[in-house]
Number of protein chains: 2
Amino acid sequence: MLSKNQLKYIQSLHQKKYRHQHGAFLVEGAKSVQEVLQSNFQTELVVATEAFYKENAHLTDRQRIPVEIASVADLERAGTLESNNAALAIVRTKENGPLLAEPDEIALILDDIRDPGNLGTILRIADWYGVRKILCSETTADVYNPKVISASKGSFTRVNWWYGDVTNVLSQSGGQLAVYGAFLDGADVHTQPFAKSGYLVMGNESNGIRPEVAQYVTQRVTIPRYGDAESLNVGIATAILLDNIRRANSGQ
Amino acid sequence: MLSKNQLKYIQSLHQKKYRHQHGAFLVEGAKSVQEVLQSNFQTELVVATEAFYKENAHLTDRQRIPVEIASVADLERAGTLESNNAALAIVRTKENGPLLAEPDEIALILDDIRDPGNLGTILRIADWYGVRKILCSETTADVYNPKVISASKGSFTRVNWWYGDVTNVLSQSGGQLAVYGAFLDGADVHTQPFAKSGYLVMGNESNGIRPEVAQYVTQRVTIPRYGDAESLNVGIATAILLDNIRRANSGQ
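Residues numbered from 1 in each chain as written. Chains lettered and ligands numbered in written order. Predicted model: local features only at pLDDT ≥ 70, side-chain atom pairs only at ≥ 80, totals over all residues.

A. Structural detail: the overall build of chain A. Along its length, chain A carries 10 helices and 10 strands. In terms of overall dimensions, chain A has C-alpha extents of about 60 × 35 × 30 Å along its principal axes. Across the 252 residues in chain A, those meeting the buried criterion constitute 46%. Counted over contacts in chain A with a minimum sequence separation of 6, partners at least 24 positions apart contribute 76%. (Helix = DSSP H or I, 4+ residues; strand = E, 2+ residues; numbered from the N terminus. Buried ≥ 20, exposed ≤ 12 C-beta atoms within 10 Å, placed from the backbone. Contact = placed C-beta atoms within 7 Å.)

B. The arrangement of helix H6 (residues 116-128) of chain A in detail. Helix length check: H6 of chain A (13 residues) gives 19 Å between terminal C-alpha atoms against 18 Å at 1.5 Å per residue, within 8%. Among all positions in H6 of chain A, only Asn118, Leu119, Gly120, Thr121, Ile122, Leu123, Arg124, Ile125, Ala126, Asp127 and Trp128 of chain A are buried. Considering only its buried residues, H6 of chain A is in contact with strand E5 (106-111), strand E6 (133-137), helix H7 (146-151) and helix H10 (234-249) of chain A together with helix H10 (234-249) of chain B. Among the residues trailing H6 of chain A, glycine 130 of chain A stands out with phi positive, at a value near 70°. (Expected span 1.5 Å × (residues − 1).)

C. Geometry of the environment of lysine 153 of chain A. Structurally, the position occupied by lysine 153 of chain A is in the loop between H7 and strand E7 (160-164). Distance in space between the C-alpha atoms of lysine 153 of chain A and glycine 29 of chain A is 9.7 Å, their sequence separation being 124 residues.

D. How the structure looks around the interface of chain A and chain B. Taken together, the contacts link 26 residues of chain A with 26 residues of chain B. Elements that contribute at least two residues to the side of chain A that touches chain B include exactly H6 and H10 of chain A. For the side of chain A that touches chain B, the element with the most residues is H10 of chain A, which contributes 7 residues. By residue class, the composition of the side of chain A that touches chain B is 9 nonpolar, 9 polar and 8 charged. (Nonpolar A, V, L, I, M, F, W, Y, C, P; charged D, E, K, R; others polar.)

E. Seen up close, the pairing of strand E9 (residues 198-203) of chain B. Residue and element names in this part refer to chain B. The element E9 is largely enclosed, with a buried count of 6 among its 6 residues. Both faces of E9 are covered, namely the face carrying Gly198, Leu200 and Met202 and the face carrying Tyr199, Val201 and Gly203. Pairing between strand E5 (residues 106-111) and E9: 6 bridges, direction parallel. Looking across to E9, one finds that leucine 108 is bridged to leucine 200. Sheet topology places strand E8 (residues 178-188) next to E9; 4 bridges connect them, and they run parallel. If you follow tyrosine 180 over to E9, its bridge partner there is leucine 200. (Pairing = 2+ DSSP bridges.)

F. How the structure looks around the nonpolar core. Within the largest apolar cluster, 158 residues are counted, with the highest numbers of intra-cluster contacts made by Val201 and Leu241 of chain A together with Leu108, Val201 and Leu241 of chain B. With near-sequence residues (within four places) excluded, leucine 241 of chain A lies in contact with Ala182, Val189, Leu200, Val221 and Ile223 of chain A. (Core = buried A, V, L, I, M, F, W, Y, C linked by C-beta atoms within 7 Å.)

G. Summary view of unusual backbone geometry. Even without glycine at this site, aspartate 112 of chain A takes up a positive phi of about 75°. Here aspartate 112 of chain A is to be found in the loop between E5 and H6.

H. View of the packing of H6 of chain A against H10 of chain A. Residue and element names in this part refer to chain A. It is at 9 Å that the axes of H6 and H10 come closest, and there the two elements cross at 15°. Between H6 and H10, the angle is such that the two are roughly parallel. Considering how the two elements wind past one another, H6 and H10 form a crossing that is right-handed. Along its contact with H6, which presents Asn118, Thr121, Ile122 and Ile125, the element H10 presents Val234, Gly235, Thr238, Ala239 and Leu242. (Axes fitted to C-alpha atoms, helices over the stretch in contact; angles between N-to-C directions. Parallel < 35°, antiparallel > 145°, perpendicular 65-115°, else oblique. Left-handed = near helix turned anticlockwise from the far one by under 90°.)

I. Representation of the relation of the copies chain A and chain B within the structure. For the pair chain A and chain B, the best superposition has an RMSD of 0.0 Å and corresponds to a rotation of 180° with a translation of 0.0 Å parallel to the axis. Accordingly, the operation relating the two chain copies is best matched by a two-fold axis. Most of the interface of chain A is mirrored in chain B, where 100% of its interface residues again form contacts. (Least-squares fit on C-alpha atoms with pLDDT ≥ 70 in both.)

J. Structural detail: the sheet that holds strand E1 (residues 24-28) of chain A. Residues and elements named next belong to chain A. The strand order E1-E4-E2-E3 describes an open sheet built from 4 strands, whose pairing is mixed. With partners counted over all chains shown, the strands left at the sheet margins are E1 and strand E3 (67-69), one partner each. Strand after strand, the sheet turns through a mean of 15° between neighbouring axes, direction not considered. In this sheet, strand E4 (residues 87-92) lies alongside strand E2 (residues 43-48) in antiparallel orientation, the contact comprising 5 bridges.

K. Examining the sheet that holds strand E4 (residues 87-92) of chain B more closely. Residue and element names in this part refer to chain B. An order of E1-E4-E2-E3 is seen for the 4 strands of this open sheet, with the pairing classed as mixed. Where the open sheet ends on each side, the last strands, each with one partner, are strand E1 (24-28) and strand E3 (67-69). On average, each strand axis in the sheet is inclined to that of its neighbour by 20°, with strand direction left out of account.

L. Representation of the domain arrangement of chain A within the structure. Residues and elements named next belong to chain A. Per the domain assignment, the segments making up chain A are domain 1 (4-92) and domain 2 (106-249). Between domain 1 and domain 2, the contact holds 16 residues from the first and 8 residues from the second. Broken down by class, the residue content of the side of domain 1 that touches domain 2 amounts to 6 nonpolar, 5 polar and 5 charged. (Domains from an automatic or database assignment.)

M. Region of interest: the confidence of the model for chain A. When pLDDT is averaged along chain A, the result is 96; 100% of the residues meet or exceed 70. Overall fold confidence for the complex sits at a pTM of 0.95, while the interface term, ipTM, reaches 0.94. (pLDDT = per-residue confidence, 0-100.)

N. Molecular detail of the environment of valine 131 of chain B. Looking at where valine 131 of chain B falls in the secondary structure, it is placed in the loop between helix H6 (116-128) and strand E6 (133-137). For valine 131 of chain B, the residues in contact, after removing those within four places along its chain, are Ile106, Ala107, Leu108, Ala126 and Leu242 of chain B.

O. Looking closely at the pairing of strand E8 (residues 178-188) of chain A. With 5 bridges joining them, E8 of chain A and strand E10 (residues 219-222) of chain A adopt parallel strand pairing. Note that in E10 of chain A the partner of glycine 181 of chain A across the bridge is arginine 220 of chain A.

P. The environment of tyrosine 9 of chain B, seen in detail. Residues and elements named next belong to chain B. Along the chain, the position of tyrosine 9 falls in helix H1 (residues 4-12). Of the residues examined, tyrosine 9 has 18 C-beta atoms within 10 Å and is grouped as partly exposed. In this structure the C-alpha to C-alpha distance between tyrosine 9 and aspartate 74, which are 65 residues apart in sequence, comes to 13 Å.

In structure tokens, the structure reads:
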């Protein structure tokens, strides 16, 4: 059973301030908890229904992870999901170590992506397209936000991120790598060739890429429009751009 | 000022049953209301703040659409948006007239897309890629749901839809048109040629395309995966498939 203090601790992790202070975040729902238990993240505690624990005891017990059995009502009180009849995990955050695109690698740069749902979707898309590194401006949504973790559908366990001054990274790359940026007035991605190494920069939902980042973009690219919608959601745009980059890289 | 009866009427339109009964639906937020007032939809009433009305009176007055001035608090009480400091419109639903793909036209078939956010996103993507017709299975989310209208970002004014028995439509097309269906085991969309006429079928978020619809698919197609995510969201998948179809059709 969940103690009052445990409940209070878990609820504090809904907020960025306390996630930062405690160095921990929440993973919620059956599939995400199963994925995190099979990843290299370090889990502090699992709170689970009797049924979930019985089915997944092999995942917790071999790592000697403490488990508290709780009712569905307690799980939902502790966590952020509207419905959760399985489990939640309290997981240690990772160190904010530097990330750079290596040769033959495309990395993502997110310049001020504010919506947690969009960020979670982008993690999932990066994972589908084999992008393993995401560099985030400090103003980008917190990846440890429960909404991001949930929207990533487990992909947060397979993608690495770093938060910091992305202009600094780009200025230090010294123009040696291709830097593709999504703009409304760039080259058509259906005909644009793409290098196998470099960065793809995606900008803010309303304002796009900031000028201080845009100055390092070596090739502006645009998704061709065949109809009348004014814009595409940034998650959708990321998916289409990565699809075109992978296609170009595989010579199709 | 909004009367008690008006408030009650507007609130009833949050529910499908009453939208159907009254033949009306809600459009909320500045941009969506502006778009619907410039479309061929028939608007019954606009509820607006003083400021929104002053800026947009030319849109309502030339069509003699009644306007009620309301406070932000009243707008939010009447509507479904968490914040709305501009306007909402009560708009007449359209007749459910039949739709078929014409020569040189790609139309979408949605087989049991349940999430209103996904449906709204798909309307916006269809609008971007110039797809003008969406045929929906009866179990697909109601397009007049305020969440769909809101997620479509105004694209609901430029895309047409029909709800009914999609298997019937496909069986009557008699194999004369290409029917592309999104599956996990289909042909790679990066190399697959696409006809200029036909249907693209997208299936349910969890279960994909139903067997009774799948039997009419003439070409199963798949988005190639380069990483480890198990799946893509149906909105994202629709966008990538339409991007590949338009690209193939334009000979790139």
